[in-house]
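Chain residues, written in single-letter form:
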Amino acid sequence: MNVRLRATIAATIVVAVALGIAAAVLVSSLKGSLERSANAEAARKVVSAVPIAVEAAPAQQATFTTDPDVQLVSAATTRAAIPWQTTDDFAVATMDVSTKAGTITVWGRASLAGAEEALATLNGLLLPGVPLLLAVVAGMTWFSVGRALAPVAAIRTKVADITARDLHQRVPVPDSGDEIAKLATTVNGTLDRLETAVERHKRFVADAAHELRSPIATLRARLELAPPTEDTTEALADLARLQALAGDLLLLARLDAGEPLRTEELDLGQVAAEESARPGKSVLMDISPDVVINGSRGHLSRLVVNLVDNAVRHAATTVEVRVYEKDGEAVLEVLDDGPGIPHEHREAVFDRFTRLDEARARDGGGVGLGLPIARDIATLHGGTLAVQDGGLVARFPMNRTASVSVKPL
């Protein structure tokens, strides 16, 4: 249950309880006041009839005066002779008066019809009025809380959209000057510090990778010129891995920096065929023609190489590359007959420097950056990269403005 709904329910319940208590007190007070007024009116009639009672002095029966709401009753008269004394429609008052003929009881009454009518009118207003007022309170509370929380929703939406590639974005700061505005300001301050830290990290990685390339190249040249021994062969293998790592780090730094792509119209099948047919790799290919997308040739080539290298390392005997169009998308599949990636690890393999235990045992040169780089490239091209049964699949938006045929290799 969200805050807006909880606030509306709470406010409505509080107002309902308050109105219920107020309505009960109002009805009870009005009823008591009207009954007291009727009793006072009955008593007034009795007092005004006392002189008449002294002169009339009835003997054995009840005598009505000129006022039908006043009766003079002798002491010997039975109470049953006064028919209206027990009705609930009147307030009744009595007074005993001593006369020469004996004690006379003066009865007086006042109608309660006016009180009942007033109470009925009040109930007629309260019964529909209270629910209507509660509906108005609920509506106003819902509207007011929603309006107050609208900046929070805007802040949440903007924060959810901010990723490591667009840390320059900031959340909107309302002009209210309240706690929500202070929250937005605090969030923006946090984003400022985060952006600065990430930029420093990117510069450090890029500078470190760039500075490593020259001494690595120099060292490799010296090892290649040295007399071949078992030690130099192992050193060259380790140096090749170090060189690949420096290249991967430099590429990641460029991808993280969000450098604009130099795109062109490319046939994805042609790129996949050229990169999959390099020496030392035996790959089956099923390439459909004219699967045209907009992209960077260098980046897409790197994506294909990383996927094929990953499949070759883990395949038992067969690696297959497929390119085709489906549902308006260009699809690249790289499949192998290896053990596959367990479902619980199908997202973890795209984390940087993450390798499964089996990959660590069998991997001859990877450091856990191939698949993360491939996914970053796919994302940069507006596509996706995911694990499926039997391998990996990348999808890209198609370019419908041109058609390029696969060139013979």
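Here's a quick rundown of the structure. (Residues numbered from 1 in each chain as written. Predicted model: local features only at pLDDT ≥ 70, side-chain atom pairs only at ≥ 80, totals over all residues. Heavy atoms only, no water.)

With respect to the side chain of Glu-333
So the rule is basically this: Under the DSSP-based scheme used, a helix requires at least four consecutive residues in state H or I and a strand at least two consecutive residues in state E, with every element numbered from the N terminus. The buried label applies to any residue whose accessible area, calculated with a 1.4 Å probe on protein chains only, is under 20% of its type's maximum; exposed applies above 50%, and partly exposed to all values in between. Within 3.5 Å is the distance limit for a polar contact, defined as a pair of N or O atoms, with the added protein rule that one can donate a hydrogen and the other accept it, and that residues adjacent in sequence qualify only through two side-chain atoms. Throughout, a residue-residue contact means that at least one pair of heavy atoms, one from each residue, lies within 4.5 Å.
Tracing the backbone shows Glu-333 in strand 9 (residues 329–336). We classify Glu-333 as buried; its relative accessible area is 8%. Of the polar contacts made by the side chain of Glu-333, one reaches the side chain of Gln-388; its length is 3.2 Å. If we ignore the near neighbours within four places in the chain, the residues touching Glu-333 are Glu-320, Val-321, Arg-322, Tyr-324, Gln-388, Leu-392 and Val-393.

Observations regarding the sheet that holds strand 6 (residues 284–287)
Operational definition: Two strands are counted as paired when DSSP detects at least two bridges linking them. All axes here are fitted lines through C-alpha atoms, helices being fitted over the stretch that makes contact, and every angle between N-to-C directions spans 0 to 180 degrees.
An order of 6-8-9-11-10 is seen for the five strands of this open sheet, with the pairing classed as mixed. Since the sheet does not close on itself, it has two edges, and those belong to strand 6 and strand 10 (384–388), each with one partner. Mean inter-strand twist for the sheet, computed between neighbouring axes without regard to direction, equals 15°. Where strand 10 lies against strand 11 (residues 391–397), five bridges are found, and the strand directions are antiparallel. Across the sheet, Ala-386 pairs through a bridge with Val-393, a residue of strand 11. Of the strands in this sheet, strand 6, strand 8 (319–326), strand 9 and strand 11 touch helix 6 (residues 268–276), which is tilted by about 175° from strand 8.

Some words on helix 1 (residues 3–48)
Condition: To estimate the expected span of a helix, count its residues, drop one, and scale the result by 1.5 Å.
The end-to-end C-alpha distance of helix 1 is 67 Å, a good match for the 68 Å that 46 residues give at a rise of 1.5 Å each. The N-cap residue of helix 1 is Asn-2: its side-chain oxygen and the backbone nitrogen of Arg-4 are 3.3 Å apart.

Some remarks on the pattern of salt bridges
Operational definition: The rule for a salt bridge is simple: a side-chain nitrogen of Lys or Arg has to be within 4 Å of a carboxyl oxygen of Asp or Glu.
Applying the stated rule across the entire model yields 14 salt bridges. We note a salt bridge from Asp-69 to Lys-45, for which the minimum N-O separation is 3.0 Å. With a gap of 24 residues between them, Asp-69 in the loop between strand 1 (62–64) and strand 2 (70–74) and Lys-45 in helix 1 connect regions that are remote in the sequence. By relative accessible area, which is 16% here, Asp-69 ends up buried. The exposure class of Lys-45 is buried, given its relative accessible area of 11%. Of the charged contacts in the structure, one is a salt bridge between Glu-347 and Arg-375, with a shortest N-O distance of 3.0 Å. Remark: Arg-375 occurs in helix 9 (residues 370–380) and Glu-347 occurs in the loop between strand 9 and helix 8 (357–362); sequence separation between them is 28 residues. A cluster of three or more residues bridged by salt bridges with shared partners is formed by Lys-45, Asp-69 and Arg-109.

Geometric values such as these leave the question of function open.
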